[in-house]
Amino acid sequence: MQTANLLPLVLVLAVVAYGLAYMRSRAVAAPLGGIRNLKALPFYYAARAALWCAIPALLVLAAWAGFEGKVIQGIVIASLPQDVWPESPGQASLILSQISNVAAGKLNPEFVPEHIAGAASVLEAMENKSGNFKAALVLLVAVSGAAFAWTRVSPHINARVNVETTLRRIFFVCAALAVLTTAGIVFSVIIETVRFFGRVPISDFLFSTSWSPQTALRADQVGSEGAFGVIPLFTGTLLISAIALLVAVPVGLLSAIYLSEYASKRVRSTAKPVLEMLAGIPTVVYGFFAALTVAPFIRDLAEAVGLEASSQSALAAGLVMGIMIVPFVSSLSDDVINAVPQSMRDGSLALGATQSETMKKVIFPAALPGIIGGILLAASRAIGETMIVVMAAGLAANLTANPLESVTTVTVQVATLLVGDQEFDSAKTLSAFALGMLLFLVTLLLNVIALKIVRKYREQYD
Amino acid sequence: MTDQRSQAEIVRNSLKRRYRKERRFRLYGMLAIFIALASLAILFADIINKGHTGFVKTTITLDVALDSEMMYLDDPTDEDQLSMADFVAPIIAALQEHLPEADSAAEKRELGRLIGTYGASQIRDLLKDNPELLNTTQTFEFLAHDRVSVYVKHADNPRYSIKVSEQQQRWVDELLEKGIIDTSFNDVLFSRGDSREPANAGILGAIVGSLLTMLVTLAIAFPVGIAAAVYLEEFAPQNKITDFIEVNINNLAAVPSIIFGLLGLAVFIGLFGMPRSVPVVGGMVLALMTLPTIIISGRAAIKSVPPSIREAAEGVGASKMQVVLHHVIPLAMPGMLTGSIIGMAQALGETAPLLLIGMVAFIVDVPGGFLDSATVLPVQIYLWASSSEQGFVELASAGIMVLLTFMITMNALAIWLRKRLERRW
């Protein structure tokens, strides 16, 4: 039976267990003189039965569904005759997809080698068997859990405490999921990165200045060893992010200052949400705008003044990215500017300083650490942004500082290397994970520093 | 005395300059806001300008004589004959009736190219279902070929007519005048999946894919996020584990979205062997991505419930869990809902992680379940925007308008909820 069908079935069973335990608790309480003689309300006995029914069954289901595929694949591969055993994981996945296509009826078994057709029937049999076992086991666990809870409906047991402890543990697991996610990210990038560095030395990755991840299809092919130097990607990322920050920081900061110090309440209450709309627009929309409107416009403009510009210039991607992070900078600066105590403002104004002098000489220096924190957060956002650069920046890894040329970024390479069919286990695919790791580390570092600065600064005036 | 006066003098003399500076500073601020708002306006104007034609389809309405000799077909129930028959010939004949001057073989071929590629299958499907219509005359509404469609929609802009030959342009103009070629609301856009032909492509598949993905995201992220927020605010002891969890959540909120794609690829697809391009995996990845947003806003909502309510409940003998379940969560719900809707709107617009888990495949069918291959609206927009055909670019901007409509609706709903349900103590 499919997981998709088992899931609602388990939930139905839990509801049934709830109902049965509810009735049972009333039945137990009746001879004692009503539910007031139970240690807990019938609701808690019933809820405990439902939890006992559902939780173990769902855990078994999740574990089985998670590992079923891999185990069956292993068995199917092992069932192949020894002389056709795959030599590499890539070959294995090729054979497996052929086998599953035959099993699914997409491929006529007469057109494939005999061993593949044989393995397909093994696969089908295993899938059937596994499905039946899974269904039987899950239902058994669910029913026995409910039965156990049903026997424990007794006036002496405080079911409320049980239920509350279980719930609290569930809440804890939900909170710990964040840790699990981080661990999953680290795990997924580290393993592949280590494998990548097994093929490409780490010094080449960090210090080589050329990037062309095409590896040779044949061993004797000329000139396509694949070069994995991250420097051109990194300079490209920095170039685009720098352009973005050059737009976003002045515009964001000045609009935050204007809105918090000068604007009337009415202007503020309309301009702020509109400004924040910029943050809510999906990045793919910005990418569309950058690639189809801004980039051609910049190219035409550059040509008009006699400069040569690529149609995928870094400038276009950077400008649009800058507009995207304006609300980010402005709302963070707004927060820190408002956190500067009113007394400092009043003091400066009382001494006869104009508003702009107060801003520039008193408030801005006081808010500076927080503003820098906000800028770092914005920088981390710019470095990690993907869609704008995928659509508007190029693919060629040029080592250049000219904003009119086309550059590529770390995120573009991760996306292009992993989109579509990939050969698992090739240095090309693995390099994407190494880039992901680099990206994760850099943005993490920026975030940690920024959050520390912001927090420290907040404590100062609280 | 003299000293004081001279100082006053200095101040007075510098005032003009200082006020000028003040005005200039103020102007810079206004300029900054103007730049931000103007870019927003330009963005919207550009997309509407590029995309409004995506909501229009170009049709060619013809009375086609389904002549059995012309089609080499005398028995529409015979599969072999159906696959061999020529369904283009009657269309060309019908067009020729309106354009009698085109009668050389080459001109006839040109005529056939006015109609989209699926025109012939329209006739075949009709005859297959209603064999008795053979040798009658039926009225068909064909979709015009993409190039013709672009030419008709942008008649005033010569940049878009290069792909249509001058002869075809004349014919199209003539047919337009006769009312044979017409434009109407593009219902194809909302009733079909992707296609290789812009005229036949729609966003229904992507909308359904987005919906399925969002359902998975909501089913995971909402309960887990609220449970986590409740734990951290109400139950967590002050210790290192709690601190560690909090640091993790704050950092996850700032991890680039593409990294979550790597996680989905390596863990869900690589380790657990889940299928690629399906809404379940996409929804799970987006759920992990949205969780920090929901947790953070949920905590803020719980914090705003006044302690007096907790104390009152505890005072009448409620257990800690009862206080939380019966009082705190219901009172914090509007805030939590608002945060979740905003988080879901974010997830709806997310593209990058879904590229990595294979939701970029070319999928024609509208997905029917959580385990069908699917794509989502932003990815569909990305795919169309990368195409060089004008027809697809129009569709991409039409798709953007639909996506933005969804997002604005969701955000408006969040604001309305907050205004309507939020209580201040």
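None of the values given here were measured: they were computed from a predicted structure. (Residues numbered from 1 in each chain as written. Chains lettered and ligands numbered in written order. Predicted model: local features only at pLDDT ≥ 70, side-chain atom pairs only at ≥ 80, totals over all residues.)

S.K.: What is the right way to read the overall build of chain A from this model?
M.R.: Looking only at helices and strands, chain A features 15 helices and two strands. Overall, chain A is about 85 × 75 × 35 Å in size when its C-alpha atoms are taken along their principal axes. Looking at chain A as a whole, 42% of its 462 residues qualify as buried. A separation of at least 24 residues holds for 74% of the contacts in chain A among residues at least 6 apart in sequence. (Helix = DSSP H or I, 4+ residues; strand = E, 2+ residues; numbered from the N terminus. Buried ≥ 20, exposed ≤ 12 C-beta atoms within 10 Å, placed from the backbone. Contact = placed C-beta atoms within 7 Å.)

S.K.: For this particular structure, what's the right way to read the environment of F370 of chain B?
M.R.: With respect to the secondary-structure elements, F370 of chain B resides in the loop between α15 (352–356) and α16 (377–385). The exposure class of F370 of chain B is partly exposed, given the 17 C-beta atoms found within 10 Å. Spatially, the C-alpha atom of F370 of chain B lies 26 Å from that of I408 of chain B, the residues being 38 residues apart in sequence. When residues no more than four places from it in sequence are discounted, the contact partners of F370 of chain B are A4 of chain A together with L212, V216, V278, P279 and V280 of chain B.

S.K.: Help me understand the sheet that holds strand β3 (residues 181–185) of chain B, please; the structure alone is not making it clear to me.
M.R.: In sheet architecture, strand pairing relies on hydrogen bonds along the backbone and comes in two forms, parallel and antiparallel. All names here are of chain B. Spatially, the three strands line up as an open sheet ordered β2-β1-β3, and their pairing is antiparallel. A single partner strand is all that each edge strand has here, and the edge strands are β2 (137–143) and β3. Strand-to-strand twist in this sheet, taken as the mean axis angle between neighbours without regard to direction, amounts to 35 degrees. Taken together, the five bridges between strand β1 (residues 56–65) and β3 define a ladder with antiparallel strand orientation. The residue of β3 that forms the bridge with V56 is F185. (Pairing = 2+ DSSP bridges. Axes fitted to C-alpha atoms, helices over the stretch in contact; angles between N-to-C directions.)

S.K.: Any chance you could explain the UniProt feature "transmembrane region" (unreviewed entry) in chain A here in plain terms?
M.R.: Residue and element names in this part refer to chain A. Per the UniProt record, "transmembrane region" (unreviewed entry) is found at residues 45–67, 133–150, 170–191, 238–259, 279–302, 314–333, 362–379 and 432–454. Helix makes up 100% of residues 362–379 and strand makes up 0%, while its end C-alpha atoms are separated by 26 Å. Each end of residues 432–454 is marked by a C-alpha atom, and these two atoms are 32 Å apart; helix forms 100% of the span and strand 0%. (UniProt positions renumbered as here; feature names shortened; annotations may be inferred.)

S.K.: Before we go on, may I ask you to explain the domain arrangement of chain A in this structure?
M.R.: Note on interface size: it is often stated as the accessible area lost on association of the parts. Looking at the assigned domains, one finds that chain A contains domain 1 (3–157) and domain 2 (227–461). Spacing between the C-alpha centres of domain 1 of chain A and domain 2 of chain A amounts to 47 Å. (Domains from an automatic or database assignment.)

S.K.: In this structure, what is going on with the domain arrangement of chain B? I would like to understand it.
M.R.: Residues and elements named next belong to chain B. Segmentation of chain B into domains returns domain 1 (2–52), domain 2 (56–186) and domain 3 (204–421). Once you take the C-alpha centre of each, domain 1 and domain 3 turn out to be 40 Å apart. Listed per partner, the contact involves four residues of domain 1 and six residues of domain 3. Each residue belonging to the side of domain 1 that touches domain 3 can be placed in one class, and the counts come to two nonpolar, one polar and one charged. (Nonpolar A, V, L, I, M, F, W, Y, C, P; charged D, E, K, R; others polar.)

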